[in-house]
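# Examination of the molecular architecture
Letter by letter, the chains look like this.
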Amino acid sequence: MEKIRTLRGFRDIFGEELGKFKRIEQAFRKYSARFGFREIELPILEKTELFVRSIGDTTDIVEKEMFTFMDAGGDSLSMRPEATAGMVRSYLQEGLYATERMTKVCTIGPMFRHERPQKGRYRQFHQIDVEVFGVKEPLVDAELILLVRMLLDELEIRRYRIEVNSVGCKMCRESFRRILIDFFETRKDELCGDCLRRLEKNPLRIFDCKNQQCIGVTADSPLLFDSLCEECKDHFDLFRQYVAGFGVDIEVNKRLVRGLDYYTKTVFEITSDDLGAQKAFIAGGRYDNLVEEMGGPATAGIGFAVGVERLAMLLPPGEAEPGTECFFAGIGDRARDYLTTLLKRCLTEGIPLRYAYEAKSLKAQMRYADNLKCGFVLILGDDEIDRGTITLRDMTGKSQDELPLDADTIVNTLKKRLSGQAPALSTRDG
Ligand code: HAM
């Protein structure tokens, strides 16, 4: 029968990669708490309208990348393609704006986008997402950059760029829209079909097009950054000043645009050339109109998301710790009986004890212990039981000791050996 495989772009995560995910989560939790973020869990499935209204109906994500379906009641539902929309919904639904002057929240979990899979781009991927509601001052923009920097320092990642830009406010965008349309009208014949539609509905999205010819056209276009209003300019200047105060290097990239419509003012992407085509492994920005557009009071917002798969690709392999487990090799029924007593004691006292479930020869059990990279093996057969002893073999030092067959002694000896405190007493077969 044909084997069933994962869906395209969906993956099992295990072994070394899972270890990297855990290291990333651990590093993140250390700093998110320090910066005052509280963790929340959000649903994976939401009403489609939530994403259409927040991310924007002319974005690639909403137009072509959502996993959307009708449920039995006829409602259109979507698997979340990102976390910000759900965070805003939750902020409003839980009424946090009424009880907190400022809200810092974070979440970790899977996101879903129906994109063409390639290295670093999957249909199910994971984000660590942080959001701040209720702070319009640029100091918080800089603080998020500092959080990114500390997280990457903790993970010993050094080769990356922090690219920043300002996409202005509604006012700057409105006046720039006219300038942009006038420019693209003169180069209309060079634009792809999608961009011709974007020109009508949302010309700024043309900067997001992956088509080489369209990229060529945008290279000559006027830039929003050069048309920012006074307030947006001041915000960006202060942001840069604070970031400099934190001693973090950033690069202004006036062409940086984001694939989601909710952004205002500061936007940023952390990129690495070590990642290939999918360079951005952290991205975010400010969204000062979104909460109001989603039906709440006027509330500033800013946040970012870490692409966990991409960040994991930048981590060096973890150090394996062979020899931290023990193995029980028992021969005969009496030894098996003793195993249950010893196993419970060891597991209770924090000693990882492995063994073969089925009866096997000593040779086969030793091979198994080797295979599991166990540092110590306890050997118990009828001879040992008659003598009231158990043999402890050190697999790395190749030494061997005889211990009294007494659970307290065995557990205490293993504890000392595993923590490297006690050297082997005798060497018989070294
Ligand atoms: P985004 O740029 O769409 O922003 O995604 C953030 C990060 O998620 C990307 O930089 C990338 O590392 C990762 N990512 C996105 N799509 C994929 C994929 N198909 N496969 C693997 N990784 C992927 C957002 O999602 C915003 N919600 C960020 C934000 C939070 N802005 C404000 N607050």
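## Examining the sheet that holds strand 13 (residues 353-355)
Whether parallel or antiparallel, the strands of a sheet pair through hydrogen bonds between backbone atoms. If you trace the five strands from one edge of the open sheet to the other, you get 13-12-14-15-16, paired in mixed fashion. A single partner strand is all that each edge strand has here, and the edge strands are strand 13 and strand 16 (399-404). Across the sheet, the mean angle from the axis of one strand to that of its neighbour is 25°, orientation sign disregarded. Judged from the six bridges that link them, strand 15 (residues 389-394) and strand 16 form a sheet pairing that is antiparallel. Across the sheet, residue Arg393 finds its bridge partner in strand 16, namely Gln400. Here helix 14 (residues 362-371) sits on the sheet in contact with strand 12 (326-330), strand 13, strand 14 (376-380) and strand 15, set at roughly 170° to strand 12.

## Comments concerning the domain arrangement of the chain
Taken domain by domain, the chain comprises domain 1 (15-169 + 229-314) and domain 2 (326-428). Computed over C-alpha atoms only, the centres of domain 1 and domain 2 are separated by 50 Å.

## Quick notes on the pairing of strand 4 (residues 76-79)
Relative to strand 4, strand 2 (residues 45-47) runs antiparallel, the two being bridged by three bridges. By the bridge assignment, Leu45 is partnered in strand 4 with Met79. The pairing of strand 3 (residues 68-70) with strand 4 spans three bridges and is antiparallel. Paired with Phe69 across the strands is Leu77, a residue of strand 4. Connecting the antiparallel pair strand 3 and strand 4 is a turn made up of five residues, with Gly74 showing a positive phi of about 85°.

## Quick look at the pattern of salt bridges
Under the counting rule described, the total for this entry stands at 45 salt bridges. Note that Arg11 is salt-bridged to Glu17, the shortest N-O span being 3.0 Å. With relative accessibility at 31%, the residue Arg11 sits in the partly exposed group. Glu17 sits in the partly exposed class, given a relative accessible area of 23%. Where Glu349 meets Lys415, a salt bridge forms, and the shortest distance between an N and an O atom there is 2.7 Å. Taken as a pair, Glu349 in the loop between helix 13 (333-348) and strand 13 and Lys415 in helix 16 (residues 407-418) lie far apart in primary sequence, 66 residues in all.

## Some words on the sheet that holds strand 4
Read from one edge to the other, the open sheet built from three strands follows the order 2-4-3, with strand pairing classed as antiparallel. Single-partner strands in this sheet number two, and they are strand 2 and strand 3. Each strand axis lies, on average, 35° off the axis of its neighbour in the sheet, ignoring direction. Along the sheet, helix 2 (residues 48-55) contacts strand 2, strand 3 and strand 4; its crossing angle with strand 2, the most-contacted strand, is approximately 75°.

## Points about the nonpolar core
Leu152, Ile270, Phe281 and Phe304 are the most contacted members of the largest nonpolar core, which has 91 residues in total. If you tally residues by element for this core, the top one is helix 6 (residues 138-154), at nine residues. Every residue in contact with Phe281, bar those within four places of it in the chain, is listed here: Leu152, Tyr160, Ile270, Thr271, Ser272, Leu275, Ala305, Val306, Gly307, Arg310, Leu311 and Leu314. Ranked by size, the runner-up nonpolar core spans 22 residues in total, among them Cys326, Ile351, Tyr355 and Leu378.

## What to know about unusual backbone geometry
Not every positive phi belongs to a glycine, and Glu156 is a case in point at roughly 60°. Within the fold, Glu156 resides in the loop between helix 6 and strand 7 (161-166). A relative accessible area of 56% means that Glu156 is categorised as exposed. Within the chain, Lys265 stands out as a residue other than glycine whose phi angle is a positive 50°. Exposure remark for Lys265: the relative accessible area of 9% places this residue in the buried category.

## Looking at helix 16
Helix length check: helix 16 (12 residues) gives 16 Å between terminal C-alpha atoms against 16 Å at 1.5 Å per residue, within 8%. Those residues of helix 16 that sit buried are Ala407, Ile410, Val411, Thr413, Leu414 and Arg417. Projected onto a plane normal to the axis of helix 16, the buried residues spread over an arc of 165° and lie on a single side. For helix 16, the secondary structure elements touched by its buried residues are strand 12, helix 13, strand 14, strand 15 and strand 16. Within two residues after helix 16, Gly420 carries a phi angle of roughly 75°, on the positive side.

## Focus: the side chain of Thr391
Tracing the chain through its elements places Thr391 in strand 15. A distance of 3.3 Å separates the side chain of Thr391 from the side chain of Glu384, its partner in a polar contact. Not counting residues up to four positions away in its chain, the partners in contact with Thr391 are Val377, Leu378, Ile379, Glu384, Gln400, Asp401 and Glu402.

## Some points on helix 14
Side chains three or four residues apart in an α-helix point the same way, a direct result of the helix having 3.6 residues per turn. For helix 14, the set of buried residues is Ala364, Gln365, Met366 and Ala369. Residues of helix 14 that are buried sit in contact with strand 12, strand 14 and strand 15. Positive backbone phi, approximately 60°, marks Lys373, located one or two places after helix 14.

## Section: the state of the cysteines
Should the sulfur atoms of two cysteines be covalently bonded, the bond is a disulfide. Summed over all chains, the structure comprises zero disulfides. Among the cysteines around Cys172, which has no disulfide bond, Cys169 carries the closest sulfur, lying 3.5 Å off. The class for Cys172 is buried, based on a relative accessible area of 2%. With no disulfide of its own, Cys209 lies closest to Cys195 among cysteine sulfurs, the gap being 3.6 Å. Relative accessible area serves as the criterion here: at 9%, Cys209 is assigned to the buried category.

## Describing the site of the ligand
Around the ligand, the surrounding shell holds 27 residues, and the nearest of these are Glu82, Glu115, Tyr122, Arg258 and Tyr263. Within the contact set of the ligand, an oxygen atom lies 2.9 Å away from a side-chain nitrogen or oxygen of Arg113. At 2.8 Å, a side-chain N or O of Arg258 approaches an oxygen atom of the ligand. Considering the ligand on its own, with 660 Å² of exposed area, one finds that the protein chains cover 96% of that surface. Taken together, the elements giving at least two residues each to the shell around the ligand come down to strand 6 (124-133), strand 10 (280-286) and strand 11 (301-307). Looking at the shell around the ligand residue by residue, the class counts come to 12 nonpolar, seven polar and eight charged.

What counts and what doesn't
Residues numbered from 1 in each chain as written. Predicted model: local features only at pLDDT ≥ 70, side-chain atom pairs only at ≥ 80, totals over all residues. Heavy atoms only, no water. Pairing = 2+ DSSP bridges. Helix = DSSP H or I, 4+ residues; strand = E, 2+ residues; numbered from the N terminus. Axes fitted to C-alpha atoms, helices over the stretch in contact; angles between N-to-C directions. Contact = heavy atoms within 4.5 Å. Domains from an automatic or database assignment. Salt bridge = Lys/Arg side-chain N within 4 Å of Asp/Glu carboxyl O. Buried < 20%, exposed > 50% of the residue type's maximum accessible area, 1.4 Å probe, protein only. Core = buried A, V, L, I, M, F, W, Y, C linked by side-chain atoms within 4.5 Å. Expected span 1.5 Å × (residues − 1). Arc of directions from axis to C-beta. Polar contact = N/O pair within 3.5 Å; in protein donor to acceptor, adjacent residues only side chain to side chain. Disulfide = S-S within 2.5 Å. Near = heavy atom within 4 Å. Areas by Shrake-Rupley, 256 points an atom, 1.4 Å probe, with all protein chains shown as cover. Nonpolar A, V, L, I, M, F, W, Y, C, P; charged D, E, K, R; others polar.

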